[in-house]
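# Geometric and topological summary
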Amino acid sequence: MSRHGSILYLDGITVSFDGFKALNNLSLIIGEGEMRAIIGPNGAGKTTMMDVITGKTRPQSGEAVFGAAVDLLTRDETEIARLGIGRKFQRPSVFESHTVWDNVELALAGHRGVAEALFHRLAPQEKQRIEEVLDTVGLLSQGRRLAAHLSHGQKQWLEIGMLLAQEPQLLLVDEPVAGMTDDETAETARLLKRIAGSKAVVVVEHDMSFVRELGVKVTVLHEGAVLAEGPLEQVSAEPRVIEVYLGR
Ligand SMILES: Nc1ncnc2c1ncn2[C@@H]1O[C@H](COP(=O)(O)OP(=O)(O)OP(=O)(O)O)[C@@H](O)[C@H]1O
């Protein structure tokens, strides 16, 4: 496998929990600006893979390289986030008692405390950046609303916006459309497509119609390793994939 031009290079990653291999010699390469969908049955290792990339779990063996040469296995979670890897967990976690605008402003400020961040006078370029982020996630007209009053889908988009404010090069998104309406699901696919290109996006999702809408290369995980990889039509026609995942 070649590392050239990749934003993420995983090679031979193995994670054992009491002898059980949650990841078993997993290798995966994500290109710069690429969007990739990761699918696979429950227990396939999708969450564990995200945990390894973000420094939450250390593998027993393997290599994990970010960009040209950053060895992720020597960095802790905070360092990895600062390096430019953003992670969105399944459930939205926004500051409900703050406005949509303030949520993005807080994310932009990052290291400043909440009070300090909100009383800090915004530089024109910070204001512009917040507007850009809200526009990207389709919430520009919602800036003054309290986050608590947003729909479930809008909260998910806001949290994606909060990650974008931190300018990641790689965004990991775990089951973004769970609990969304069909319209919100379709909008989320459009949103992620707008984001990909300027940054790489790895999306874990069980919703096949959403994965189809993304229209990107799919990696099927099974028992901690890659079972199949390619366009959705191709992998979904493979007998092994049908047997372990799609046919159930
Ligand atoms: N801390 C842990 N201790 C022991 N076993 C674990 C631990 N974390 C995960 N596992 C096991 O590793 C396997 C992979 O789990 P993982 O959560 O990565 O799968 P997944 O593909 O994300 O599944 P799902 O689609 O259900 O979220 C599972 O069998 C799980 O029970």
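Residues numbered from 1 in each chain as written. Predicted model: local features only at pLDDT ≥ 70, side-chain atom pairs only at ≥ 80, totals over all residues.

By the naming in an unreviewed UniProt entry, the protein chain goes by Urea ABC transporter ATP-binding protein UrtD and is assigned to Aestuariivirga litoralis.

Now for helix H7 (residues 182-195). With 14 residues, H7 extends 20 Å from end C-alpha to end C-alpha; this agrees with the ideal 20 Å at 1.5 Å per step. Buried within H7 we find Thr188, Ala189, Leu191, Leu192 and Ile195. Buried residues of H7, viewed axially, fall in a sector of 165 degrees; they line one side. Exposed and facing more than 90 degrees away from the buried side of H7 are Asp182, Asp183 and Arg190. Where H7 is buried, its residues contact strand E3 (35-39), helix H5 (124-136), helix H6 (152-165), strand E7 (170-174), strand E8 (200-204) and helix H8 (208-214). Of the residues one or two after H7, Gly197 is the one with positive phi, at around 105 degrees. (Helix = DSSP H or I, 4+ residues; strand = E, 2+ residues; numbered from the N terminus. Expected span 1.5 Å × (residues − 1). Buried ≥ 20, exposed ≤ 12 C-beta atoms within 10 Å, placed from the backbone. Arc of directions from axis to C-beta. Contact = placed C-beta atoms within 7 Å.)

As a further point, take unusual backbone geometry. Of note in the backbone geometry, Asp18 takes a positive phi value of approximately 50 degrees without being a glycine. By the element assignment, Asp18 lies in the loop between strand E1 (6-17) and strand E2 (20-31). One non-glycine residue with positive phi stands out, namely Asn25, at about 60 degrees. Within the element layout of this structure, Asn25 appears in strand E2. A tally of 14 C-beta atoms within 10 Å means that Asn25 is categorised as partly exposed.

Phe17, Ala22, Gly40, Asn42, Gly43, Ala44, Gly45, Lys46, Thr47 and Thr48 make up every residue found near the ligand. Ranked by the residues each element gives to the shell around the ligand, the list is headed by helix H1 (residues 46-53), at three residues. Tallied by class, the residues present in the shell around the ligand amount to three nonpolar, six polar and one charged. (Near = placed C-beta within 6 Å. Nonpolar A, V, L, I, M, F, W, Y, C, P; charged D, E, K, R; others polar.)

With that settled, consider the sheet that holds E1. Ordered by their spatial adjacency, four strands build an open sheet running E2-E1-E4-E5, and the pairing between neighbours is antiparallel. Strands at the two margins of the open sheet, each flanked by one partner only, are E2 and strand E5 (70-71). Note that E1 and strand E4 (residues 61-66) share five bridges and pair antiparallel. By the bridge assignment for E4, Asp11 is matched with Glu63. On the sheet, H1 packs against E1, E2 and E4 and is oriented at approximately 65 degrees with respect to E2. (Pairing = 2+ DSSP bridges. Axes fitted to C-alpha atoms, helices over the stretch in contact; angles between N-to-C directions.)

What follows deals with the nonpolar core. Membership of the largest hydrophobic core comes to 72 residues, with the highest contact counts inside it found for Leu8, Ile53, Val104, Leu158, Val201, Val203 and Val220. Examining the composition of this core, we find that seven residues originate from one element, H6, more than from any other. In this view, Val203 contacts Met35, Ala37, Ile38, Val173, Pro176, Leu192 and Leu214; residues no more than four positions away in its chain are not counted. (Core = buried A, V, L, I, M, F, W, Y, C linked by C-beta atoms within 7 Å.)

Here we come to the sheet that holds E3. Each strand in a sheet pairs with another by means of backbone hydrogen bonds, the pair being arranged parallel or else antiparallel. Taken in spatial order, the six strands of this open sheet run E6-E7-E8-E3-E9-E10, and their pairing is mixed. The open sheet has two edge strands with one neighbour each: strand E6 (85-88) and strand E10 (225-230). Looking at each pair of strands side by side, their axes are set apart by 20 degrees on average, direction ignored. Running over the sheet, H1 touches E3, E6, E7, E8 and strand E9 (218-222) and is turned about 150 degrees from E7.

This next bit is on the packing of helix H3 (residues 100-109) against H5. Where H3 meets H5, the axes come as close as 10 Å, and the angle between the chain directions of the two elements is 120 degrees. Every pair of crossing elements has a handedness; the one defined by H3 and H5 is right-handed. Two secondary-structure elements touch here, H3 through Val100, Trp101, Val104, Glu105 and Leu108 and H5 through Glu126, Arg129, Ile130, Val133 and Leu134. Taken together, the residues of the contact of H3 with H5 break down into seven nonpolar, no polar and three charged. (Left-handed = near helix turned anticlockwise from the far one by under 90°.)

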